[in-house]
Structure formats: structure tokens, C-alpha cells
Amino acid sequence: TRWLDVGDTVRTSLIARAGWVPDSKRIYVVRTNRVQNQLEFLLYDAASGTKRTVYKESDPFWVNVEGDPVFLKDGRRFLWTSERDGFRHLYLYSTRGGASQSTQQLTRGAWQVTDVLGVDENAGRVYFRSSEESPLERQLYSVKLDGTDKRRVTSGAGTHRVVLAPGCGVFLDIFSSLT
């Protein structure tokens, strides 16, 4: 058993998310302070227990934590959503963190990314649902991992609950509308 030092979870910190990086050599921990206006994304070496801060975010009032990070197969990059520009959008981060951290915002606008559904790394595309069309709708979109070529995939006004097949080649669309 290896215990990880994740901070004082009794008085100062909350663990919002934790899990394995795909290489099974590292563990990620998303930690916030008790009032949840500061967030840290930490990576731990599973063998030694040493930690490294990859990403920090703060807000004067509240940092909303939604979903889990989605790691790319290489384990060196991950997708994470953030409201740091005022709306929940998709960002691609490097696990290097610190001064060498390269962060790229993949989506932007006055709408929310509601969930990340999958990544087709061969095509270099991320599939996600959003409220871009209307706050009352959920549509499936895709965007390239460099933030270009965003496309709406589903059609029909309403809510599309989508289940992607492994590899993202096909999907099941559970659709509902007022009609």
C-alpha cells in the first residue's frame, strides 16, 4: 500500500476527482480548497508517491468541477472542461504542467459544453454535446484536437443523448423533442 499526500482533507482540501492515467504509472487528483474557489490538477507517480502540479485554476466565487479528465492514449495530454472564460468549454492540456504547460482552448462562445463523449485519435477529433444551438437543446458536435473544424453532427431541434461506439465510427442517438 502506498499512501499519497493529497493535503489536509479534514480542514483545507477536498478531493473532487481521482483516477489512473492510462499508462497505469501515474494517478491524477483534482483537489479544491474547502470553499471551492481554487482548483489544482495534480499528477502522482504511483511507485514513489511524488506529486507534480499540472494545472491551477481560481475564481473569486466558485470553480465548478464537471466530469472527469479524458486522457489521450499517449498519456501526455488530456481533455478537461472549464468555465474560466465564463462558459464551460473544452481545453486540451499537457501533463507536463508548469512553465512548459501548453493549454489549448478547443471550443469558445456563449454556450456550454455539457459532456465529452469520446475521442477519435486517428481522425484527431473530440466528440461532445453542447447547448450551442439553444440552452434547451443538446446536440452532438465534433472538433479537431487543434480547435479547428468544429462540426455539428446531430440534427433536429431537441435533446440528443448520444452513445458513441468504441473508435467513434458510429453512434446511437436517443432523441426527444416536443414533437
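All of these numbers come straight from a predicted model, not from anything done at the bench. One numbering rule holds for all chains: residues counted from 1, following each sequence as written. Only residues with pLDDT of at least 70 are given local features in this predicted model, and only at 80 or more are side-chain atom pairs given and counted; all residues enter the totals for whole chains, interfaces and linings. Side-chain measures were taken over the full set of non-hydrogen atoms in the model, leaving aside hydrogen atoms and water.

A. Structural detail: the side chain of E57. Secondary structure counts use DSSP, requiring at least four H or I residues in a row for a helix and at least two E residues in a row for a strand, with both numbered from the N terminus. Mapped onto the elements, E57 comes out in strand β4 (residues 51-58). Remark: exposure states derive from per-residue accessible area (1.4 Å probe, protein chains only) relative to the maximum for the residue type, with buried under 20%, exposed over 50%, and partly exposed in between. Just so you know, the count uses Lys and Arg for positive and Asp and Glu for negative, and it drops His and the chain ends. Salt-bridge detection follows one rule: a side-chain nitrogen of Lys or Arg within 4 Å of a carboxyl oxygen of Asp or Glu. Buried and unpaired, E57 has no salt bridge, with R84 as the nearest side chain of opposite charge at 5.4 Å. Counted as a polar contact is a pair of N or O atoms within 3.5 Å, where, for protein atoms, one must be capable of donating a hydrogen and the other of accepting one, and residues adjacent in sequence contribute only when both atoms are in side chains. Polar side-chain contacts of E57 include one of 2.3 Å to the side chain of Y55. Working rule for contacts: check all heavy atoms of both residues, and any pair within 4.5 Å makes them a contact. Discounting residues that sit within four places of it in the chain, E57 has contacts with N37, Q38, L39, V63, S82, E83 and R84.

B. Structural context of the environment of V162. Residue position: V162 is located in strand β13 (residues 159-164). Ignoring sequence-local partners within four residues, the contact set of V162 consists of L117, R129, L140, T154, F171, L172 and D173.

C. Geometry of the pattern of salt bridges. Per the stated rule, a full pass over the model turns up twelve salt bridges. A single network of salt bridges, built from pairs that share partners, joins D74, R76 and R77.

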